[in-house]
Structures are given as structure tokens and as C-alpha cells.
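# Working through the structure, step by step
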Amino acid sequence: MSDLGALDYIWMGALAVFQGPELFSFLGLPISVTLAMVMFGLVLGIVVGATPGLGGVIAMAISLPILISVFGFNADALLPVMGFLIGVMKGSTVGGAVPAILFNTPGTPDAFMTTLDGYPMARSGKARKALKISHFSSASGDTFSDLVLIVCAPFLAILVEAYLDLPEKTALIILSLSFIAAVVGGSPAKGLLSCGLGLLAVLIGTGEDFYPRLSFGTDALSDGIPITAAVIGILVLGAIFTELETLWHQSRRTGAIEIVKDEGDQRLHWQDIKRILPFIARSSVIGTAIGALPGIGSTLAATIGYATGQRFYNRRKSPDDPDFGEGAPEGIAATEAANSSVSGANLIPVLSLGIPGNTAAVFLILAAESIGGFNPGPAVFKFSTDLNPELVIVFGLFTTMIIANILNWTIGGVFMRSLGVLSRIPKQLLLPVVFLLTLASLYVQETAMSAVWFAFGFGVLGYFMRRFGVSPLPFVIAFVLGSRLEDTARQAFSATGGDPFFLLKSPIAAVFILAAVAIVFFSIRSPKVSGK
């Protein structure tokens, strides 16, 4: 085979998407399975994002086991499954603005700031215009973030592979876990507790010895805890239990939902776009920078983007313009551009370092580990003369993200604005259905009742963690990275001749360890601001 360059891999990645197995034909053109799955995922993401009580995480958790059971455990399943998950991730962020604007009920946590100006616009008869501003800002921020991902991830991975050996990679994982534990959750102590519980859980039944660890002599624990069961239990079932408890304490709502008729011009004019573009640009940069850091989610990005936009807006507003929080279109633009620009940047640490940045990225890694044939990390960007199939998959993923953006720009806005009715579904009817679907989809993948019981147990743990203000995200990230941390540490320990101070002998590794200690120390002393 002749030498393969970057353009060759880009071309092969695109062909893998467009020339994959044909699902159906449209106007004589063959539509591949991957293309169809990206579109289906985007539509589903918009639907669940527009439905209070649901969200992209729940949709991904339910869909992943079903997708794997349909497509199987082979390399051809990677792009369709991960393309679907990417579509859900993008669509749920866009769709979360629908109930936030129409009913003052954010469909996703990161859409909370959208309610501050979106709902007042809807009350004043400009609901459709608010939705158009939200969609334009969200799609713009998402596109910018994806471009940064495509440009930066390969270069970062090459630098990591060139300068980081086993001790440095071990220290980098420790630094990432410390960073996530320190900045996510109610306090650094609670974040460290959540992270420690995740590391403890992943140690059960695993290791290189012939005898399982921490199994207490039981067969159920001797093989370890299924990663899908733990993640779904903590993230999804825990959230469902918490929401059901909230509904239990609330009195049943009575009366019809107030419907405000649209008034005035609902179109998005060029003058409107010019007015909100500076806010979109600023928030896109903020969201992308925050998204590139593991563990900091779109909620914090939306908050910072909104606050920054408000300061800029107050300096230039005229006396006739509404204030932020009273129906300013710039407030919607600043929030939606910030939370949407997190999604692409969150995959930078996933693809270049193998470290998940948020819960959506966790499910992408779960898909890769479940199906096989793709191991996120710096090695996937190795431009070798011999064919590197993982690099083809990476550029295939980039292609699916571009396709999802194009679909979002074209049909996403139209579909999003038609979903206001979903916000009226009572949560007390919706959540039990989601609960049963989650357990059923988990059983489809694991085909063992023990996995269901594990998920239920971790769901109870997730419920109590939320009750006491402990974020489940550090637990999930630690559970996903725990086995990789142990393997890398073992290999580094062996490669250095059994040196117990191998983390301090390397200057780069020592800097990472000192940074991890400093992050925890200063986060304890500084005021806490976090995102989920």
C-alpha cells in the first residue's frame, strides 16, 4: 500500500459514512445506515430535549444497549451507533430551549438560563421569534465548537503521543480526576468522595490476579460490576428516583396551561442577526474553552456566557431596550451559543486523551468499549503508512458531526418549533415509562438479571448522592477511567523497574501531580462555582 496522508484518511472516513451499508434510497440516491442513524439521533435528541423530565443522557442510556443488540459487536457497527449518539447529543441541546421558552420549564439543565429571556419573549407574543433566535445561536455555537474539535484534537493527540510516556499518562489521568472532583459538585470534598466511590466500585472483581477482589465470595461480584449498569444506574435511575420524590411532595397541578398568541413580526431578520452575532461569537469561544476541560459541563458554560453577555449588553443598550431577564434576544443568544458550543469541544479530551469530558462523552466511550475496534486516545491519530482503521473511524466521526450540523441548520429548527406539545406531558406519567424502558434496554444488552439489580442499587446510590448534594459525574468518570488508571500505573511501575516513585521521577509527571494537588487545595479555599 502506498503512503497514506491526511487527505487519504479524511477521504476514507467520509466514504465510510456515505458508502456504508445502504438502508434505503431517496430519489434514487442510496442512504447509508450511518447517515440515517445520525438523522434519527438528531430528531430523537430534539424530542427528548424538548420534553421536561427527559434529556440526552437518558435517551443515550436507553438507546445504547438496543443499538448494540441490533448492530452487533463488529467494526461496521461503530459509526452507525456513535453517529446516532452524536445526533442525540446535539439534538437534545437544541431541543432543551423549547419548553424553556414556551413554558418556563427548561428541558435540560443547561437551558435554565434560556428561561430568563425566552419566556418573557413568549409572554409578549414573540415565542416563534425566540425559538428562531435560540436555534440560530445554538447551531452557530455547535458548528464553531466542531470546527475547533476537528482542528485541535489531532494536534493535541500528536503532542501527547510524542511527549507523554506511561508515567506521564498515569499522572495525567490523576490530574483529570482531581480536576473533575474539585470543580464538579457541591464542594471539593463531595467531589472527591464521589470520585473515590467510583474508583472503589471499579476495583471490585477486577485486577490481574486469579482471585477477584472485594467480591466477598459472591459470584455476582466476582466478575466485576458491568460498566453499563453502573453508569445507567447512577445517572438515569438516580435522576428518576429524585424526580419522582419531588413529584411526590408536590401537589397535583390543576388548570390549563396558559396559551399566549403570537403577535407582531416573528421572522428573524438580518438586523436581528447582526445584533446577536457578537453575543454568539463571545459565548461560542467561552463554551468551547470550557468544553475542552474535562468535567465542566454546559450548565457552567451557559451561566458564564449569559453573565458575560449581560455585562457587554449593559454597556451598549439604549433606554428602550429590555434588560437581560426581561425578554432581551441577546440573552437567549448568549446562553444557547455557550451551552451548544460545549458539545464538540467535550470530545477533544475524549479522542485525544481517552478522557470523557461529560456524561454524553461517557456513552460514546461505552459504545467504543462495548463494540470494540476503537480505543479513544492519542494512538488513534497515528498517521501511519499502513492503514490505521481507528483513524478512519475518527474522520468518520468528524463527518457525522458535520452532517449533524447540516441537518440541524436545515430541518432541526423546523422540527424543534413543532414540539411545544411535548412539554405538556405530565412527568408522573412519563417517568415510570422511562424507568421501565431503561431497565429493559439494559437487560437487552447484558441478558442477566444481575445487571438490572446492579443498576437498581446504583440508582439508589445516585438518589442519595443527589439528596446530599454530591454530583454523580465524578463517580461516573472515575468508574470509566479507573481500570485504565490501574493498567497504566501497573505498566509504568513495571517499565521503571518497580520504582515506587515513578510519578515523581519524570518532570512532566511531577508537574501533573503537583497541579492535581494544587487544584484540590485552591478549590477548597476558593468560592465554589460548578456546572453539571
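Above this text sits the structure in question.
Here's a quick rundown of the structure.

Applying the stated rule across the entire model yields one cavity of 30 Å³ or more. Here the largest cavity defines a volume of roughly 80 Å³. Residue lining of the largest cavity: Met82, Ile86, Leu347, Val350, Leu351, Leu364, Ile365, Phe374, Pro376, Leu397, Phe398 and Met401, and that is the complete set. Its residues assigned to classes, the lining of the largest cavity comprises twelve nonpolar, no polar and no charged.

In this model helix 1 (residues 6-18) runs 19 Å from its N-terminal to its C-terminal C-alpha over 13 residues, within 8% of the 18 Å that 1.5 Å per residue would give. What helix 1 keeps buried is the set Tyr9, Gly13, Ala14 and Val17. What you see down the axis of helix 1 is that its buried residues fit within an arc of 135°, all on one side. Of the exposed residues in helix 1, the ones pointing more than 90 degrees away from its buried face are Leu7 and Trp11. Elements that come into contact with the buried residues of helix 1 comprise strand 2 (29-32), helix 2 (33-49), helix 4 (78-95) and helix 17 (389-416).

On to a nonpolar patch on the surface. On the surface, Tyr443, Met449, Trp453, Phe456, Val460, Phe464 and Phe468 cluster together into a nonpolar patch covering about 750 Å² of accessible area. The element best represented in the nonpolar patch is helix 19 (residues 449-467), accounting for five residues. One can find Phe456 in helix 19. Using a relative accessible area of 36% as the deciding quantity, one classes Phe456 as partly exposed.

It is worth spelling out the nonpolar core at this point. By size, the foremost hydrophobic cluster in this structure holds 138 residues, and its most contacted members are Phe363, Phe374 and Phe381. In terms of residues, this core owes the most to one element, helix 17, which gives twelve residues. In this view, Phe363 contacts Val57, Met60, Ala61, Leu64, Leu85, Val231, Ile232 and Leu235; residues no more than four positions away in its chain are not counted. Ranked by size, the runner-up nonpolar core spans eight residues in total, among them Met113, Tyr313, Ala328 and Ala334.

Across the interface, helix 12 (residues 270-291) lies against helix 14 (residues 329-345) with an axial gap of 7 Å and an inter-helix angle of 30°. With respect to helix 14, the axis of helix 12 lies roughly parallel. For the pair helix 12 and helix 14, the crossing hand works out as right-handed. Of helix 14, the residues touching helix 12 (which contributes Arg275, Ile276, Phe279, Ile280, Ser283, Ser284, Gly287, Thr288 and Gly291) are Pro329, Glu330, Ala333, Ala334, Ala337, Ala338, Ser341, Val342 and Ala345. The class makeup of the residues in the contact of helix 12 with helix 14 is ten nonpolar, six polar and two charged.

Quantified by volume, the second largest pocket comes out at close to 450 Å³. What lines the second largest pocket is a set of 20 residues, and nearest its centre among them are Lys169, Pro376, Pro378, Arg484 and Thr488. Among the residues making up the lining of the second largest pocket, the classes are represented as ten nonpolar, five polar and five charged.

Scanning all chains against the criterion turns up eleven aromatic pairs. For the ring pair Phe279 and Phe312, a centre distance of 5.5 Å and an interplane angle of 75° mean the geometry is edge-to-face. Here Phe279 is found in helix 12, whereas its partner Phe312 is found in helix 13 (residues 298-316), with 33 residues between them in sequence. For Phe279, a relative accessible area of 1% gives the class buried. Given a relative accessible area of 23%, Phe312 falls into the partly exposed group. Seen from their ring centres, Trp453 and Phe456 are 6.5 Å apart, and the 80° between their planes marks the pair as edge-to-face. With Trp453 and Phe456 both in helix 19 and three residues apart, this pair spans about one turn of that helix.

Calculation rules
Each chain carries its own residue numbering, running from 1 in the direction its sequence is written. Since the coordinates come from a predicted model, pLDDT governs what is reported: local features require at least 70, and pairs of side-chain atoms require 80 or more to be given and counted, while whole-chain, interface and lining totals use all residues. Only heavy atoms go into the side-chain values, all of them from the structure, while hydrogens and water stay out. Cavity means a closed set of points on a 1 Å grid over the protein atoms alone, one where a 1.4 Å probe fits but cannot get out, pocket means an open set with protein on both sides within 12 Å along at least 5 of 7 lines, and lining means a residue has an atom within 4 Å of a point. Grid points are joined across faces, edges and corners, and a volume is the space filled by probe spheres set on the points. Think of it as three bins: nonpolar holds Ala, Val, Leu, Ile, Met, Phe, Trp, Tyr, Cys and Pro, charged holds Asp, Glu, Lys and Arg, and polar takes everything else, Gly as well. Each helix is a run of H or I in the DSSP string that is no shorter than four residues. Each strand is a run of E no shorter than two, and both are numbered from the N terminus. Given the number of residues in a helix, its expected span is that number minus one, multiplied by 1.5 Å. Each residue is assigned to one of three classes by its accessible area relative to the maximum for its type, calculated with a 1.4 Å probe on protein chains only: buried under 20%, partly exposed between the two thresholds, exposed over 50%. Directions pointing from the helix axis toward each C-beta atom define the arc. Only heavy atoms matter for contacts: two residues are in contact if any of them lie within 4.5 Å across the pair. Note on patches: the residues involved have over 30% relative accessible area and no salt bridge, like charges join within 9 Å, and the nonpolar side chains Val, Leu, Ile, Met, Phe, Trp and Tyr join within 5 Å. Surface accessibility follows the Shrake-Rupley procedure with a 1.4 Å probe radius. Residue values consider only the protein chains on display as shielding. Any carboxyl oxygen of Asp or Glu that lies within 4 Å of a side-chain nitrogen of Lys or Arg is treated as forming a salt bridge with it. For the purposes of this section, nonpolar cores are sets of buried Ala, Val, Leu, Ile, Met, Phe, Trp, Tyr and Cys residues that join through side-chain atoms within 4.5 Å. Under this scheme, a helix contributes an axis fitted over its contacting stretch, all axes are lines through C-alpha atoms, and angles between N-to-C directions fall in the 0 to 180 degree range. Should an angle fall under 35 degrees it is taken as roughly parallel, and over 145 as roughly antiparallel, whereas 65 to 115 is taken as roughly perpendicular and any remaining angle as oblique. Crossings are classed by handedness, with left-handed meaning an anticlockwise turn of the near helix from the far one by less than a right angle and right-handed meaning a clockwise turn. Two rings from Phe, Tyr or Trp (for Trp, the six-membered ring) form a pair when their centres are within 6.5 Å of each other. A pair whose planes differ by under 30 degrees is stacked, one over 60 is edge-to-face, and the rest are tilted.

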